[in-house]
Amino acid sequence: MEADKTLKRTVAASQQTVRAHLRIVRQPAVWFLLPSVLILCVFVFYPMGKTIYNSFFAANVRGEAVKFVGWANYRTLFKDPLFLKSLSETFVFVLVFAVLTLLIGIVLARLATLKLRRMKVFRTAFAGTMGTSAAAAAILWLFLFNPSVGMVHLMLKAIGLPNVNLLVTPLGAQIVVILTSVWMALGFAFLILLSAFQNVAPEYYEVAAIAGWSDWQQTLKITVPMISPTLFFLFVIEVIDGFKMFAQIDLITGGGPDNATNFLAYKIYLDAFVFHHVGIASAESVILTVLIIFVTWIQFHYTERKVYYA
Amino acid sequence: MSIRLTNVSKGFEHTQVLSDISVTIAPGEFFVMVGPSGSGKSTLLRIIAGLTSVTAGQIYFDEREVTALPPKERNLSMVFQNYALLPFMNVAQNVRFGLDNQQLSANEKNKRVDWALDLVHLSGLRDRKPKALSGGQQQRVSLARALAAKTPLVLMDEPLSNLDAQLRAEMRAEIIRLHREIGMTLIYVTHDQVEAMTMGDRILVLDAEQIQQLGTPLELYNHPANEFVAKFIGTPEMNIVPITVNEHNQFSLGTEFAAQQAVPVPFALPAGHYHLGIRPEQLVPLAAAGTAALPATVADVQQLGNDTLIFSDCNGQQLVSRIPQQFEVAVGSRLQLAVPPQKGAWHLFDAQTGAAIKEGVADGGR
Ligand SMILES: Nc1ncnc2c1ncn2[C@@H]1O[C@H](COP(=O)(O)OP(=O)(O)OP(=O)(O)O)[C@@H](O)[C@H]1O
Ligand SMILES: [Mg+2]
């Protein structure tokens, strides 16, 4: 008798579960989501899982995981001075890149809100890098810094400075990569900042002008706090972008000289596809992913409190 | 501080907004500028503030020319329609924002903030963010910010138009009180003629690039300089109808004399065509049919409780009467509207230009 009841209850419960599943399938939303979910699975979730899996294996030259090694890949990495150097240089690069992009973006956006003739031309120029591919931009900068015909060196020569080839010194190469990356990122940052600037009601500036605040003070005291959500958003985006920087490095420095620009994303590429250390590269990928997640989390946790949302 | 504008003109790229505006505002005056939307009130105020440049003309503050000076060198403060409170600053910080750039000790600044918040009765809310305040409270904060700077001139651009009717009446009284207590020169822009009438020492009516009239509220009400002012000041607006006067000092409504509807003019008036203006409260129904009356048909009745508005049709002309009591009358019924016998209730305007006619008509009450 008791068992009978239990059985009945179980059957009813399982029927309910089946019905619930059917209900999900009958939801139109499922069908709309399906294409994206499929694409995400094929190009994001599967490679992600596979990378995590590979990071625990030693791979043969064809990149096939052949032997389970546990945490060995990770241990090797954290003992490898080259990896640690790459890690710290990446941090410096990302920070300098994101801060510079934001600062220059703010200055450009402020300039573009001035009521001047032909401002549209400048706006278009400032936003121009939005439509430039990273590869084309990298080649362009490579030409600019070419030691014999590059514009930069011709200019240095013209004002009587020695003709240094920036790209052969570690610091010089890092400066060039940062300049290129900032330049590339500026178009997007500028556009976003400009629209944020234009959303600040003019009365705030008029109150400030009457009270005697200078232009510079107005930007600091009114504009920056008013657009702080945008600044925060951009900073997160630029930090993530910085961690993923690849094309410029590949085309301009190839990670050199002396690994000075061998930032994490590029090092992963070298390890995986040039040196065929798929296990190591996979472990590096996992570390980079965790880093980005962690840094973004920190930003949300600590910075967002200081941001004012209207 | 006195303010003098001489021949101020302003044109934007495609539009002329102000032409040849000359006016002197006395120290300590509560000066109101009214006009319909787009008449250039804000533009004129912003010119005084230095936020907008003039195309021609000069501005003097106490005989010092300020035409080319930037706002901060004019020693004034301004209150905006949308309050313009910085949302990330609390009430006290917002008030302090208006005077933080002055050469004052920190102690003095704090005192000023306290003083201004006290004036607008907001001392208890000094740590609140603007978002946590009602519209009326926000406007008080922006008033406090303007007052804390203790400038001899304060400009206000429609400060109450974002508030509901009850709050508006309350804040109206508040601003009048603040002006009385502090005694600064106050230039106040509104498109609400009730605000203008109740608040201003003097009112400037602006329209069509020009000053239409400048005077005290009662001067404007009793002696409008033209049809525009006559219609703009007073609710419901003044009845203005064309009339024709014959040689026997009789008149009828319309552009041609109609003998069968002729009514005697209660004073001597040269024959001709005029526009006659009569305030609704001066055009009341007769208890019994009389001679000096216009026959009319009731088209609509609005009971306001204390007043009754009667909209009627007289010989094709729409007329409105205001009776200061409850008054029962059916739509469609016939009425005799008494022609006011006293000259002061007659506002005669030139049929072509709309300008008030002064000659030939005794000036009631001047
Ligand atoms: N920056 C500008 N550029 C071009 N035209 C302008 C500018 N500012 C105002 N105008 C025009 O000037 C005229 C007067 O504007 P203003 O804002 O002074 O009117 P207003 O009397 O304050 O009206 P409202 O009661 O609607 O506030 C309008 O026709 C307006 O379109
Ligand atoms: Mg206006």
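Only a predicted model underlies this, so the values are computations on that prediction, with no experimental measurement involved.

Quick look at the UniProt feature "transmembrane region" (unreviewed entry) in chain A
Residues and elements named next belong to chain A.
Okay, step 1: Sequence positions flagged by UniProt for "transmembrane region" (unreviewed entry) are, in local numbering, residues 29-48, 91-112, 124-144, 175-197, 222-240 and 273-300.
Okay, step 2: As annotated, residues 91-112 comprises 100% helix and 0% strand, and the C-alpha atoms at either end are separated by 31 Å.
Okay, step 3: Taken end to end, residues 124-144 has its terminal C-alpha atoms 22 Å apart, with 71% of it in helix and 0% in strand.

Quick notes on the layout of surface pockets
All names here are of chain A.
Okay, step 1: The calculated volume of the largest pocket comes to roughly 770 Å³.
Okay, step 2: What lines the largest pocket is a set of 20 residues, and nearest its centre among them are Arg-110, Thr-113, Lys-115, Tyr-205 and Gln-218.
Okay, step 3: Among the secondary structure elements, those contributing two or more residues to the lining of the largest pocket are helix H8 (170-198), helix H9 (202-211) and helix H10 (215-226).
Okay, step 4: Here the lining of the largest pocket is built from residues that sort into eight nonpolar, six polar and six charged.
Okay, step 5: When its volume is computed, the second largest pocket comes out at roughly 570 Å³.

Here we look at the packing of aromatic side chains
Residue and element names in this part refer to chain A.
Okay, step 1: Summed over the entire model, instances satisfying the criterion amount to 24 aromatic pairs over all chains.
Okay, step 2: On the basis of an interplanar angle of 65° and a centroid distance of 5.7 Å, the ring pair of Trp-141 and Trp-183 is categorised as edge-to-face. Residue Trp-141 is found in helix H6 (residues 134-144), and its partner Trp-183 is found in helix H8; the two are separated by 42 residues along the sequence.
Okay, step 3: A residue is classified by how much of its surface remains accessible, and Trp-141, at 13% relative accessible area, is buried.
Okay, step 4: Ring geometry for Tyr-266 against Tyr-269: centres 5.5 Å apart, planes inclined by 40°, an arrangement best described as tilted. You can see Tyr-266 and its partner Tyr-269 sitting in helix H13 (residues 264-274), three residues apart, about one turn around the helix.
Okay, step 5: Aromatic ring contacts, followed pair by pair, group Phe-246, Tyr-266, Tyr-269 and Phe-273 into a single cluster.

Considerations on the sheet that holds strand S17 (residues 317-323) of chain B
All names here are of chain B.
Okay, step 1: Taking strand neighbours across the sheet as the criterion, the four strands line up as S17-S16-S15-S18 in an open arrangement whose pairing is antiparallel. Here the strands that pair on one side only, and so sit at the sheet edges, are S17 and strand S18 (334-338). Shown here is a sheet whose adjacent strand axes are inclined to one another by a mean of 45°, direction ignored.
Okay, step 2: One ladder, built from seven bridges, connects strand S16 (residues 308-314) with S17; its direction is antiparallel. Following the sheet pairing, Cys-314 is matched in S17 by Gln-317.

Overview of the sheet that holds strand S4 (residues 56-61) of chain B
Residues and elements named next belong to chain B.
Okay, step 1: One open sheet accounts for four strands, arranged S2-S1-S4-S5; its pairing is antiparallel. Only two strands of the sheet have a single partner each, and these edge strands are strand S2 (16-25) and strand S5 (64-65).
Okay, step 2: Judged from the six bridges that link them, strand S1 (residues 3-11) and S2 form a sheet pairing that is antiparallel. Its bridge partner lying in S2, Leu-5 is registered against Val-23.

Description of the domain arrangement of chain A
Okay, step 1: Assigned domains within chain A: domain 1 (2-54) and domain 2 (76-306).
Okay, step 2: Summarising the inter-unit geometry, the C-alpha centres of domain 1 of chain A and domain 2 of chain A are found 42 Å apart.

What about the confidence of the model for chain B?
Residue and element names in this part refer to chain B.
Okay, step 1: Confidence in the prediction for chain B averages 91 pLDDT; 97% of positions are at 70 or higher.
Okay, step 2: The low-confidence segment residues 360-366, where pLDDT is below 50, has ten contacts with residues more than four positions distant or belonging to other chains.
Okay, step 3: Predicted complex, confidence summary: ipTM 0.85, pTM 0.81.

Quick word on the confidence of the model for chain A
Okay, step 1: Counting all residues, the mean pLDDT for chain A is 86, and 97% of those residues have values of 70 or more.
Okay, step 2: Confidence, read as mean pLDDT per element, is least for helix H1 (residues 2-26) of chain A in chain A (74) and greatest for H9(A) (93).

Definitions and cut-offs
Residues numbered from 1 in each chain as written. Chains lettered and ligands numbered in written order. Predicted model: local features only at pLDDT ≥ 70, side-chain atom pairs only at ≥ 80, totals over all residues. Heavy atoms only, no water. UniProt positions renumbered as here; feature names shortened; annotations may be inferred. Helix = DSSP H or I, 4+ residues; strand = E, 2+ residues; numbered from the N terminus. 1 Å grid on protein atoms, 1.4 Å probe; cavity = no way out; pocket = protein on both sides within 12 Å on 5 of 7 lines; lining within 4 Å. Points joined across faces, edges and corners; volume = space filled by probe spheres on them. Nonpolar A, V, L, I, M, F, W, Y, C, P; charged D, E, K, R; others polar. Phe/Tyr/Trp six-rings, centres within 6.5 Å; stacked < 30°, edge-to-face > 60°. Buried < 20%, exposed > 50% of the residue type's maximum accessible area, 1.4 Å probe, protein only. Pairing = 2+ DSSP bridges. Axes fitted to C-alpha atoms, helices over the stretch in contact; angles between N-to-C directions. Domains from an automatic or database assignment. pLDDT = per-residue confidence, 0-100. Contact = heavy atoms within 4.5 Å.

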